Amino acid sequence: MDKIGLLEKILKKLNISIDEDQKQKFSDYYSLLIKKNKVMNLTRITDEEEFIVKHFADSLIINKVIEMENIDSLIDVGTGAGFPGIPIKIIYPNIKVTLLDSLEKRVEFLKEVIDQLELEGIEAIHGRAEDLGQNENYREKYDLCVSRAVANLSVLSEYCIPFVKRQGVFVSYKAEGSDEEIYAARTVIEILGAGLNSVCTEQIPETDINRQFAIIKKISKTNVKYPRKAGKPSKKPLK
């Protein structure tokens, strides 16, 4: 992967250092994903440079808004092809990571990536957030929940906030200009025992691409009736 130098250059501007082993892991991850993408839909982005910027760098720009060195456990809800969870794991190997996705084929691919990259302290789980969020092994167990899923923040909050410990954080990766959607979700966020801490827009270095983050702090335990049964949050979003 000859453009891995671009990733290194971007990460340097994010104050993230990357060693040869990590470079190889990113390169291998890209190769595995592009190969698998020929037989199943994992990403529409296949150009190396665009992939590095829009998947790898975009996943890691979270370090501009969260002190990742203070995070011990993380769950990535609706991880898809493993973003942002796997790039975060490669850079911060001490974080215990759970990747959650509702499509079994994607989870099988993620397990293959974990195995091939020899990543430790990371699991890929097939399931729905509504079910796992009621499972005592996962509910309110994480310092940080992340999601690049495209669902409306009101819906996404019901999926994600139940996983977060008190004083933990849910960070939603949003497209630039999502202020209206984010602020409209404030009441729902409060119902779930959290508060909208801040909304930040960060530019990916070496590009003109901006990413917006909704940073949501868990204040108290989430009421046991949330998340509601599978399908309910998306069909009848909380208001």
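On a predicted model such as this, the values are computed, not experimentally measured, just so you know.

Reading the values: the criteria
Residues numbered from 1 in each chain as written. Predicted model: local features only at pLDDT ≥ 70, side-chain atom pairs only at ≥ 80, totals over all residues. Heavy atoms only, no water. Helix = DSSP H or I, 4+ residues; strand = E, 2+ residues; numbered from the N terminus. Rg over C-alpha atoms; globule rule 2.2 N^0.38 Å. Buried < 20%, exposed > 50% of the residue type's maximum accessible area, 1.4 Å probe, protein only. Contact = heavy atoms within 4.5 Å. Areas by Shrake-Rupley, 256 points an atom, 1.4 Å probe, with all protein chains shown as cover. Phe/Tyr/Trp six-rings, centres within 6.5 Å; stacked < 30°, edge-to-face > 60°. Core = buried A, V, L, I, M, F, W, Y, C linked by side-chain atoms within 4.5 Å. Disulfide = S-S within 2.5 Å. Polar contact = N/O pair within 3.5 Å; in protein donor to acceptor, adjacent residues only side chain to side chain. Arc of directions from axis to C-beta. Pairing = 2+ DSSP bridges. Axes fitted to C-alpha atoms, helices over the stretch in contact; angles between N-to-C directions.

**Thoughts on the overall build of the chain**
Helix and strand counts for the chain come out as 10 helices and 7 strands. On C-alpha atoms alone, the chain measures out to a radius of gyration of 17 Å, which is about the 18 Å that the 2.2 N^0.38 rule sets for 239 residues. With respect to the principal axes defined by its C-alpha atoms, the chain has extents near 50 × 35 × 30 Å. Counting only residues that meet the buried cut, the chain has 58% of its 239 residues in that class. Restricting the contact set of the chain to residue pairs at least 6 apart, pairs at least 24 apart contribute 70%. As presented, the chain carries roughly 11,500 Å² of accessible surface, and 43% of it is formed by carbon and sulfur atoms.

**A look at the packing of aromatic side chains**
Applying the stated rule across the entire model yields 9 aromatic pairs. With centroids separated by 5.2 Å and ring planes inclined at 85°, the aromatic side chains of F51 and F56 adopt a geometry described as edge-to-face. F56 carries the same exposure label as F51, and that label is buried. One aromatic cluster in this structure is built from F26, Y29, Y30, F51, F56 and F83.

**Comments concerning the nonpolar core**
Counting 58 residues, the largest nonpolar core has I62 and M68 as the members making the most contacts within it. Residues C160, V164, A214 and L238 belong to the second largest nonpolar core, which totals 29 residues.

**Concerning the state of the cysteines**
This structure, assessed with the given rule, holds 0 disulfides. For C200, which is in no disulfide, the shortest distance to another cysteine sulfur is to C145 and amounts to 17 Å.

**Comments concerning the side chain of R228**
Its place among the elements puts R228 in the loop between β7 (210-218) and α10 (232-235). Residue R228 is classed as buried on the basis of its relative accessible area of 18%. Separated by 2.8 Å, the side chains of R228 and E158 make a polar contact. From its side chain, R228 meets the backbone oxygen of K236 in a polar contact 2.7 Å long. The residues touching R228, leaving out its near neighbours within four places in the chain, are E130, E158, P233, K236, P237 and L238.

**Comments concerning helix α1 (residues 4-13)**
Three or more residues of α1 are buried, namely I4, L6, L7, I10 and L11. Looking straight down α1, one finds its buried side chains confined to an arc of 150°; they lie on one side. Exposed and oriented more than 90 degrees from the buried face of α1 are K12 and K13. Residues of α1 that are buried in the fold lie against α2 (20-37), α3 (48-60) and α4 (85-91).

**Describing the sheet that holds strand β2 (residues 96-101)**
Strand order in the open sheet made by the 7 strands is β3-β2-β1-β4-β5-β7-β6, with mixed pairing throughout. The open sheet is flanked by β3 (122-126) and β6 (194-203), the only strands paired with a single partner. Taken pair by pair, the neighbouring strands of this sheet meet at an average axis angle of 20°, ignoring direction. As paired elements, β2 and β3 share 5 bridges and run parallel to each other.

**Some points on the environment of L196**
Among the secondary structure elements, L196 is positioned in strand β6. Considering only alpha carbons, one finds L196 and N15, 181 residues apart in sequence, at a separation of 26 Å. Residues within four places of L196 in sequence aside, it is in contact with I182, Y183, R186, I189, A214, I215 and I216.

**Details of unusual backbone geometry**
A cis geometry characterises the amide bond from F83 onward to P84, with omega recorded as 5°. Along the chain, the position of P84 falls in the loop between β1 (73-77) and α4. A cis amide bond links Y226 to the next residue, P227, at an omega of -5°. Turning to its location among the elements, P227 is positioned in the loop between β7 and α10. In this structure, E140 takes a positive phi of about 55° despite not being glycine. Inspection of the secondary structure puts E140 in the loop between α6 (129-132) and β4 (142-147). Located in the positive-phi region is E206, a residue other than glycine, with phi close to 70°. By the element assignment, E206 lies in the loop between β6 and β7. By relative accessible area, which is 38% here, E206 ends up partly exposed.

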